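Examining the three-dimensional arrangement
Read off the chains here:
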Amino acid sequence: MPSLKSHVVSFILRHSRKKAFSSPENLQRWIAYARKTEDYHPPALLKARLDIAETSVDGFPVYEIAPKAGEHRRILYLHGGAFVFQITSYHWVLIAEMAERLGFGVTVPIYPIAPEHNFHDMFGMVGDVYSRMLEETGAEDIIFMGDSAGGNMAVVLTMMIAEKGLPAPSRHVLISPGLDMSLSNPEVFEAERNDPWLGIPGGLEAIRLYSAGIDRSDWHISPLYGDLSVLPKTLLLTGSRDLLSPDNLIFAERARLAGVEVDVVYEEGMFHVWPLIEMPEARRARDSIVDFLIGDPMPRRLGARRRTKATIAASTAPAAE
């Protein structure tokens, strides 16, 4: 049964944030207001607790949380925000907890967002961040973690990496990712009615602003339609009151058919990106993430996750509709 706090949070979201996604005009107003108030810097309390350095890639800030002594593993954290909103204190709290509990280094790019920038700017920057990480860390020691739009970016970035022949990360942690922007699944319209946060009209406007004219069914925007066989072992967290959840479950099924090991945490009664909000369900979700990343050893050599070209070709046949 969902906790009392989750009901309170759902009520607040429905009467506040849901309005941002109720129409294109409302989303534009929320973006304009956000630009006056957003602060991407790590909160002062976290900077006092963690060793955080600020660098720059392509003119945009990148924060590096140092790993514990002797630890080689690193997380690339891609924050959510519908591609149009900046990282928040909720993201930073989750990032800090993961850094402290796991001991891994964490790289947090403050990537360019829409409408000031678009798809090409975003992935150009985060692609350069990953390339820089590879200069210091083997891909077998890198994890991509992202929530919402950041989950989408993690999957798309891995597919783009595969196209370029670069080594892919060893694992994905995807929190309420947006994986199909085509609206081809009628279940999402029913799910929208139960979602206290997201709405389709505003969501479509966000996609229009960032997609640089790329069709919504193209895998660069909707990675559900890409080559899922190139993805690493994945933990996917999704809730029953998230309009993205029906497509998340389809993604998990198709990825498994493509040979990817996928663990799913499906939380009844939970809304979009609930692991970011302090409440009992979030604590369970964060425990699941930690268990997934340290419960069994990650592959130590690239060859442990690589497939032969023949195997990849055999597993890329389109999934039955």
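Our subject is the structure that appears above.
Presented here is an overview of the structure given in this document. Quick caveat, the model's predicted, so the values are computed rather than measured. (Residues numbered from 1 in each chain as written. Predicted model: local features only at pLDDT ≥ 70, side-chain atom pairs only at ≥ 80, totals over all residues. Heavy atoms only, no water.)

Compared with the 20 Å implied by 1.5 Å per residue over 14 residues, the 20 Å span of helix α3 (residues 24-37) between its first and last C-alpha is a close match. N26, L27, I31 and A34 are the residues of α3 that are buried. Along the axis of α3, the buried positions cluster into a sector of 140°, meaning they face one direction only. Turned more than 90 degrees away from the buried face of α3 sit R29, Y33 and K36, all of them exposed. (Helix = DSSP H or I, 4+ residues; strand = E, 2+ residues; numbered from the N terminus. Expected span 1.5 Å × (residues − 1). Buried < 20%, exposed > 50% of the residue type's maximum accessible area, 1.4 Å probe, protein only. Arc of directions from axis to C-beta.)

Turning our attention to the layout of surface pockets. Of the pockets and cavities examined, the largest pocket occupies roughly 1,000 Å³. R17, F21, G81, F85 and W197 are the residues nearest the centre of the largest pocket, which is lined by 48 residues in total. For the lining of the largest pocket, the elements supplying multiple residues, two or more each, are α1 (4-14), α3, α5 (89-102) and α9 (200-210). Considering every element that reaches the lining of the largest pocket, the biggest residue donor is α9, with 5 residues. (1 Å grid on protein atoms, 1.4 Å probe; cavity = no way out; pocket = protein on both sides within 12 Å on 5 of 7 lines; lining within 4 Å. Points joined across faces, edges and corners; volume = space filled by probe spheres on them.)

The next thing to look at is the packing of helix α6 (residues 119-136) against helix α7 (residues 149-164). With their axes 11 Å apart at the nearest point, α6 and α7 run at an angle of 70° to one another. Considering their axes alone, α6 and α7 lie roughly perpendicular with respect to each other. Here F119, M122, F123, V126, G127 and Y130 of α6 come into contact with α7, specifically with M153, V156, L157, M160 and I161. (Axes fitted to C-alpha atoms, helices over the stretch in contact; angles between N-to-C directions. Parallel < 35°, antiparallel > 145°, perpendicular 65-115°, else oblique. Contact = heavy atoms within 4.5 Å.)

Tallied over the full model, the rule gives 6 aromatic pairs. Ring geometry for Y40 versus Y63: centroids 6.4 Å apart, planes at 50°, classification tilted. Here Y40, found in the loop between α3 and α4 (44-49), pairs with Y63, found in strand β2 (residues 60-65); they are 23 residues apart in sequence, far enough to count as distant. When the ring of F83 is compared with that of Y210, the centres are 3.7 Å apart and the planes differ by 5°; the resulting orientation is stacked. (Phe/Tyr/Trp six-rings, centres within 6.5 Å; stacked < 30°, edge-to-face > 60°.)

On to the environment of G178, then. Locating G178 in the fold gives a position in the loop between β6 (171-175) and α8 (187-194). We classify G178 as buried; its relative accessible area is 3%. Taking C-alpha positions, G178 is 24 Å from Y33, a pair spaced 145 residues apart along the chain. With sequence-adjacent residues up to four places away left out, G178 is seen in contact with S148, N152, P223 and L244.

For strand β7 (residues 233-239), the buried fraction is high: 7 of the 7 residues fall into the buried class. Across the two faces of β7 the burial is the same, with K233, L235, L237 and G239 and T234, L236 and T238 all buried. Where β7 meets strand β8 (residues 262-267), 6 bridges bridge the pair, whose relative direction is parallel. Each residue of the ladder has a partner; that of T238, found in β8, is Y266. Handedness of the β-α-β unit built from β7, helix α10 (residues 245-257) and β8 comes out right-handed. (Pairing = 2+ DSSP bridges. Right-handed = clockwise from strand over helix to strand, strands pointing away.)

On to the nonpolar core, then. By size, the foremost hydrophobic cluster in this structure holds 102 residues, and its most contacted members are Y77, V173 and L293. Per element, the largest residue contribution to this core is 9 residues, and it comes from α7. (Core = buried A, V, L, I, M, F, W, Y, C linked by side-chain atoms within 4.5 Å.)

Time to look at the packing of α3 against α9. Running from N to C, α3 and α9 cross one another at 65°; their axes reach a closest spacing of 7 Å. Crossing angle aside, the handedness with which α3 passes α9 is right-handed. Facing P24, L27, Q28 and I31 of α3, the residues of α9 in contact are P201, G202, E205, A206, R208 and L209. Of the residues belonging to the contact of α3 with α9, the class tally is 6 nonpolar, 2 polar and 2 charged. (Left-handed = near helix turned anticlockwise from the far one by under 90°. Nonpolar A, V, L, I, M, F, W, Y, C, P; charged D, E, K, R; others polar.)

The values reported here are purely geometric and, on their own, carry no functional implication.
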